[in-house]
Amino acid sequence: MKHVRTFCLSSFILLGFGLLARKATAQQQTGRVVEAQSGSPLSGATISDKSAGSGTISGDDGSFRLAATKGDSLIISLIGYQPQRIVYDGRKSLVVRLSQSAHQLSQLVIVGYGEQSRATITTAISQLDQDVLKNAPRANLGSALQGTLPGLNVVNTTGQPGASPSILLRGGASINSPGAPLVVVDGIIRPFNDLPSEDIASIQLLKDAAATAIYGARANNGVLLITTKKGQQGKARITYKYTTGFNTAREGYQFLDAKDFIYYNRLGNLNSGRTLDQVNSSMGYGLKTDAADLASFDIRSYGPNTSYLMADGWDTVGDPYGGTIIFKDHGGELADILFRNTQTQDHYISVSGGNEKGTYYSSFDYYKEDGVIVGSSYKRFSGDVNGSYKIKPNLEIGSGVTASTSSQYGVNGSEINTMYRGLALWPTFNPWLDSAKTQPNPGNSATDGNPLYWLSKLDRSNEVNQVTINANVKWDIIPGLFVKATGSGYLKENLNESFQKATQTYSQMFADPPSTGNTTRQSSTAFLRTFQQQYNVLANYTKSFGRHDLNAMVGTEYYDTRALTMQVLGMQAPTDDISTANASTVFNPNNSSDPNNPNNNYTFKTDYRIISTFGRLNYDYDQRYLISLDFRRDGVSSLSTQNHFGFFPGLSVGWNLQKEKFFSGSGISRIVSTFKPRASYGVNGNVAGLGDYEVQGVYGLQGQYYGNSGFLNTGIINSNLRWEKSKTMDVGLDIGFLNDRITAVMDYYNRKTSDLLTNLPLPSYTGFNTVRTNLGTLQNQGYEISVTANIIRQPSGFSWDVSGNASYNQNKILKLPYNGQPNNRQGGFQVYDPKTQKVVWVGGYQEGHALGDVYAFKQVSIFKDQAEIDKLAANRVDVVADISGPNSNYGAGKITPGDVNWMDVDHNDTIDTRDQVYIGNITPKWTGGFSTTLSYKGFNLYSRFQFALGYVIYNDYVARILGNFQGTLNYIDWQTRSWSPSNEITDIPKVYYADQVAAPLGKKNYVRANSALPSTDPNGYNSRFYENGGYLACREITLSYDFPESMLAKTRVLSSSRIYASMNNLFYITKFSGPTPEPPADGVYQGTYPTPRSVVLGVQVSF
Amino acid sequence: MKKNQRSILALLALAFLFGSCAKKLDLAPVSTISDANYWKTADQFSAFVAGLHIAFRNCTRSFEFLGEIRADNFGTDPGNNSAFTGESVADYEYMWNNNLSADKAGVPNFGGFYTNINQINLLISKLNSTDIVTPEDQQYYLGVAYGMRAFYYFQLLRSWGDVIIQTEPTVSIDVSNLAKAASPSDSVMALIKADIALSETSFGDDYTFRENKSYWSKAATLMLKANVYLWTSYRGGGTGDATIALNALNDIQQHISSLRLMDNYMDVFSTPHKDNDEIIFAIHNQLNESSQPFASVFYPQTNFIINYYDSVSQQKFNVANSNWAGLLQVPVKIATFRTFNDKDTRKWAAITAAYNLQDSHYQIAGCFLTKYKGQQDAGKTVYTDDYPIYRYAGLLLLKAEAESILGMDASQEINMVRARAYGADYHENVDGYPHQPVDKSWQEAILQERRFELMGEGKRWYDLRRMGDDFVYKHTNIQPSDAYKLLWPIDRNTLTNNSALQQTPGYPLF
């Protein structure tokens, strides 16, 4: 009954507010808010009577009306302006002059369940600069967060339109499964991926535990608070914005033309000792003589019968095996089919307005972008209607609905295969069956042929519908005390349909008689619906007693989310003409790899609830001494009955030193205008990753056996699991110079996440692979700084503003579940440590070690000739490649010139897994960004850069291609620099057929494991192919022009108008050799969809 | 003020309304079953027994690899270390090259066998404390559970020697006390024999097969018993154990008269002839239920194989009937193919050889296993054949082995198998036992006969091991100086996860 006690407590607090309340005699006050310099009216400013707890918003002409009592403190604030505090002296009419503040110390900040002035904030909160959202069309809002919010590491994992980037706050709070911040949009927990950026009023990031404690159990990865635009008092305003972007693919690696392709591949085969038969039966560079290959590959043996082809644009190349080969170069043709230039279109229209009683805002957005890789695209419609109305002077209701429908298509097949196989496909392959280029050649498979064929055989449809509804009532019970009740629903539906028509491969097409090919005709419809309900009631009390300001809030919330997944999967329809499963003849194939649903036709339901109480107390004395306390108590259904509830408190303090007499009186205040040290401490929780019913023990369906359904015990009862808890200490300083023309916000944090929900790999005999425990502790420490500066502001109207931020993070595993190993190590491998001259464990997870350290075999050089081998490696045994030096009989092959000279770390003449060295860490140490704005009159030049530094990437893409892992695909042009008798000094090993295979075929010069598959483990390859991933990216350069009011006034219609041209994702400055240096999640670059480069034009008009 | 008090009361009421919702945090799953709701009905027990067989089927790959791949049947041919079609052998080569280590352990995590052992342990404990299941089913399920557990431990014993014995289900995890040491192989063998005895007693006189021989049965337990006692007969058990083995096999023959050899060797495995009279116990696969989990490693890619010729049909492999869509990573050695007599139908049924045609001469390029041909479904091959664990031909050859140990005449059993294999070409006085050259040694004769007969059924390595270490040295690339290689190494992660576990003696420790 603990929860009842908490509710009693909160009720008493509510009662307390009532007793404190006093009746006051107020009189009607009118006034105007104007811009300090120009005197032009400012609409949308908030005028709040701190003493009475009432408030209003200024209208279009800047006017407002408010009941106030003499002696009340009024605070007038507006985003982008410095707020003013006025003690009301009883004057009838009031003119408030607000001056613009480019700096970050005076803004109004949204905190959980309320808002607060930056000046009184004592926690670590960052706010997105609105300029970031102004210009670029954004399929996904997440891209705006990259480099703009200190502490947030945002990575574009793919350039596919609409894809969400990966987001991690302060290094993440988990060892196994780092999570993204909790996203709260207008109080509703939901993703941001369908929000048009024009609808965004503000984005705030709550970072330290004192700020996020109000979101308790879900908040230890931080909280992103997104507020959408609301209507304002004044006459109706219609805004239309059109943005269009022209997207081009980023340059990647250069592949060899057909001539070099044939030469190097056949040379590689020769170096590997493959017979002429074997070579000639290989795809692409072989001389196959069957109908299918003759029709698809333009390569022949040169001779009297084929020499006539020279007249048709064919060319010849000498065969390393002897003789001459004649071929036609189709290099680049497939790349031209795969990549395309596309256009983005974004139309946005909004209508807003309001009066003293009510406001409204409605908007509609249409967004469409085709991806630069064929097949990928994104389209979205979204709408938003919200409004508020005062039924009675003290009773306001608000409600809103948003709806969006979007569809997102990725490339056909995997992106890795598109980038790897799609680009490295044989340049002797003719992607067209006919000379008019109307019939694509299917080749071998979707990723080994003309993608247009395979796209034409696949009907896809994706539809994501998201609807939110919310309604709230705000009741001003007595001055200073209001109660607000909010209810919201969020419905998300994801409908995926696909139909694979019958397909043929080229060999089936040309078989005699032609083979029907694959007629499985799989038709699948998958539907996921989640419905989330949130209800909360909160009471807020604001009061000033002289210079004491008090704000207290307490509330309670109920959260429930239900999910239903279903799928219908039919096969073997008799025709291509019906794409739905009603034509299918076979259902329920039990070949699914989804552990929950071994049948491919299913429905699956889950339910998850959280019940919470929360509260906050802010107190300040004259805005000088600041203190804030908050808490949340959450009960969650996915933990066992005895562990449902967790308590998460936060405390923060601050001191506005510049308000002290001794400070303001001293000369230093002329330079230092703000000096606010602050500190906070708090606790957050998380149960992310925990299955909804996992702790209860699970009996799961295993599929069928002779038609019988089988169940097994797939999870043991784990009722002792608790919340994981992050304790964060944060020390910060807000500092402003020269009347806050230059401001900086600095933070140091130390976050220890204990009771981590960590998987412990279990000994085999237990019969389970892993068990979830609360036994991990991870520490993240780091620094963050953000600076804004107004460097130039001239009366002529010329100004120059810059802002920038940088964050540094370092993680360390402090504790792992006990497993009897030193440092409770999990996974890992052993290398020789020259310092201690011992074999030590590295990799995996170990207490005292960082996450993401990488070890690899060191390429000292490439053996240039036999003399060098005799000298350096006469007795060497390479057990990995199964080869040896001249004085040894070991293995199936010899070390030959052109092979890698590996570092023999332990000097035992044996190269094995112990001979690996530390290469670096896969996680960026530093991340951040900066921007500058130059403006003169209506012209504005804005540019924004972003960087990530201090990490390594294993370039598996290049290794796989140069190492010829697949055996027949093309090389990038680095192969021309590979070792040969005429090119002895190089860092690229000799070409082999399938180098990843041990001797005699390959030498394992690239990878040291025999795996032709893309790997996700960044350890254990050739050091040459680890690259420094650090980069500086130019995200945006925009030149815009705002038409002057005087000119617009003549139109009598337009109230504002703006045109601009912008370039997005213009370039990366990096040492990384691939197109996109952004850090891959597991440290391995496998070939990702590159982010496109875009030129954007936009126009915005308001009436 | 009154008005305010009313509103505060209303708030209080609201707060308590929320408070009462806290009970709503106790949610039960809808689409899975929690521990609290299982073992309540007889149907749940029978679904669990089906689950055990699914888990058993999931081990097919481990059974095949542990039982055969390190012997002489599979591997790349000399001078080549990828499949003849060019496909990478993807680390499988460490097994047939017999250079396994903690990093290349071949079959990691003890083949995944403990997963099912734990489930079996759970079933046994639940069966011993329930009255929901009918006595008949209860005894049958116990027979299945003990028999299957003994089968797993026998696999573990033959592969790793000393292994951990676990006979209780894992119902909770004590993280501070997870390390557990292996038991000596003698204790493991004692457990195996005890489990076989318990299985026999549980089955009693119930010799019936369930689900058309795709469930473990009393006959399967007796086959296992014969195997186990033959194994120990070479290791000190002598004629006593051989007699027990022989009796177990006779027991099957006496009680199940329907068992016989199929007339045509290929029919034993083909999908249309599933559950035939020769099968004693097979892992079941069927269209749209499951296909053989290891099939693709034995079959070539369609687009690679169509460059080669099939010397039997005298034409190129073609996309219509050779659409194996595999990734040939474990080829059959050409030498294996050549060991078979051309008259032996098993040669052509189990192996396909691919040729290059050079100036109208066929030159062999390589071989691959095609014993499990599966079926055609919508333009592709689906590997729906069953994987036999025990069948009548195996019974006959085990019986011949027991008889030979006991000095009895084994020719009847061996020749039944040979006669079926050679079909019309069989001539007892040439091909029959003991007229072939190999028949000079009954051990070599039986080893070779089992090699031909049971190719691709996960038996060859265990057969060599059973007969004795010298047979391993003679028939594989393992030297007597590397005797430690007779057992498998334990992979690094498994060693890490259990600190009380020791690497198999002889394998490097770093």
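Residues numbered from 1 in each chain as written. Chains lettered and ligands numbered in written order. Predicted model: local features only at pLDDT ≥ 70, side-chain atom pairs only at ≥ 80, totals over all residues. Heavy atoms only, no water.

Counted residue by residue, helix 3 (residues 60–69) of chain B has nine buried out of ten residues, so it is predominantly covered. Among the residues making up helix 3 of chain B, those that are buried are B:T60, B:S62, B:F63, B:E64, B:F65, B:L66, B:G67, B:E68 and B:I69. (Buried < 20%, exposed > 50% of the residue type's maximum accessible area, 1.4 Å probe, protein only. Helix = DSSP H or I, 4+ residues; strand = E, 2+ residues; numbered from the N terminus.)

Which parts of space are left empty comes out when a probe the size of a water molecule is rolled across the atoms. Summed over all chains, the structure comprises 14 cavities of 30 Å³ or more. Taken as a whole, the largest cavity encloses approximately 450 Å³ of empty space. Across the lining of the largest cavity, the residue classes tally to nine nonpolar, 14 polar and five charged. (1 Å grid on protein atoms, 1.4 Å probe; cavity = no way out; pocket = protein on both sides within 12 Å on 5 of 7 lines; lining within 4 Å. Points joined across faces, edges and corners; volume = space filled by probe spheres on them. Nonpolar A, V, L, I, M, F, W, Y, C, P; charged D, E, K, R; others polar.)

A cluster of nonpolar side chains, namely A:I238, A:I349, A:F364, A:F381, A:V1053 and A:F1103, defines an oily patch on the protein surface of about 490 Å² accessible area. Here A:F364 lies in strand 22 (residues 358–370). (Patch = residues over 30% accessible without salt bridge, like charges linked within 9 Å, V, L, I, M, F, W, Y side chains within 5 Å. Areas by Shrake-Rupley, 256 points an atom, 1.4 Å probe, with all protein chains shown as cover. Salt bridge = Lys/Arg side-chain N within 4 Å of Asp/Glu carboxyl O.)

A word on the sheet that holds strand 19 (residues 315–318) of chain A. Think of a sheet as strands paired side by side through backbone hydrogen bonds, with each pair either parallel or antiparallel. Residues and elements named next belong to chain A. Pairing is antiparallel across the open sheet formed by three strands, whose spatial order is 18-20-19. Either end of the sheet is taken by a strand with one partner, and the two such strands are strand 18 (299–301) and strand 19. Neighbour-to-neighbour, the strand axes of this sheet turn through a mean angle of 30°, independent of strand direction. Sheet topology note: the strand 18/strand 20 (residues 324–327) ladder contains three bridges and is antiparallel. (Pairing = 2+ DSSP bridges. Axes fitted to C-alpha atoms, helices over the stretch in contact; angles between N-to-C directions.)

Each partner contributes to the interface: chain A provides 114 residues, whereas chain B provides 102 residues. For the pair chain A and chain B, the two sides together bury roughly 8,900 Å², of which 59% comes from carbon and sulfur. Remark: the boundary between chain A and chain B carries zero salt bridges. One can count 32 residue pairs in polar contact (both at pLDDT 80 or more) joining chain A with chain B. Grouping the constituent residues of the side of chain A that touches chain B by class yields 53 nonpolar, 48 polar and 13 charged. (Contact = heavy atoms within 4.5 Å. Buried area = accessible area lost by both parts, 1.4 Å probe. Polar contact = N/O pair within 3.5 Å; in protein donor to acceptor, adjacent residues only side chain to side chain.)

Moving on, we come to the pairing of strand 57 (residues 1093–1102) of chain A. Where strand 17 (residues 234–248) of chain A lies against strand 57 of chain A, ten bridges are found, and the strand directions are antiparallel. Considered in strand 57 of chain A, the bridge of A:Y242 is made with A:V1099.

A word on the environment of A:A892. All names here are of chain A. Along the chain, A892 turns up in the loop between strand 45 (883–884) and strand 46 (893–894). It is 35 Å that separates the C-alpha atoms of A892 and I922, two residues lying 30 residues apart in sequence. With near-sequence residues (within four places) excluded, A892 lies in contact with D882, A999 and P1000.

The next point concerns the side chain of B:E278. Residues and elements named next belong to chain B. By the secondary structure assignment, E278 is in the loop between helix 8 (218–255) and strand 2 (279–283). For E278, a relative accessible area of 0% translates into the label buried. Setting aside chain neighbours within four positions, we find E278 in contact with R260, L261, M262, V268, R391, Y392, A393, R420 and E453.

All right, on to the domain arrangement of chain B then. One frequently used descriptor of interface size is the decrease in accessible area upon assembly of the parts. Residue and element names in this part refer to chain B. For chain B, the domain assignment lists domain 1 (1–73 + 108–206 + 483–510), domain 2 (217–283 + 386–478) and domain 3 (295–384). A C-alpha centroid distance of 39 Å is found between domain 1 and domain 3. Each partner contributes to the interface: domain 1 provides six residues, whereas domain 3 provides six residues. Of the roughly 440 Å² buried between domain 1 and domain 3 on both sides combined, carbon and sulfur atoms contribute 59%. At the boundary of domain 1 and domain 3, one finds zero salt bridges. (Domains from an automatic or database assignment.)

The subject of this paragraph is the packing of aromatic side chains. Inspection of the entire model under this criterion finds 83 aromatic pairs over all chains. Taking the centre distance of 6.3 Å and the plane angle of 25° together, the rings of B:F84 and B:F368 count as stacked. Separated by 284 residues along the polypeptide, B:F84 in the loop between helix 3 and helix 4 (93–96) and B:F368 in strand 6 (residues 361–369) bring together distant segments of the chain. Feature note: the residues B:F56, B:F63, B:F113, B:F151, B:Y152, B:W216, B:F281 and B:Y390 constitute an aromatic cluster, connected by ring pairs. Looking at A:R1024, its charged tip hangs above the ring of A:F1025, at a distance of 5.2 Å from the centre. Over the face of the ring belonging to B:Y462 we find B:R158, whose NZ or CZ atom lies 3.6 Å from the ring centre. (Phe/Tyr/Trp six-rings, centres within 6.5 Å; stacked < 30°, edge-to-face > 60°. Lys NZ or Arg CZ within 6 Å of the ring centre and 35° of its normal.)

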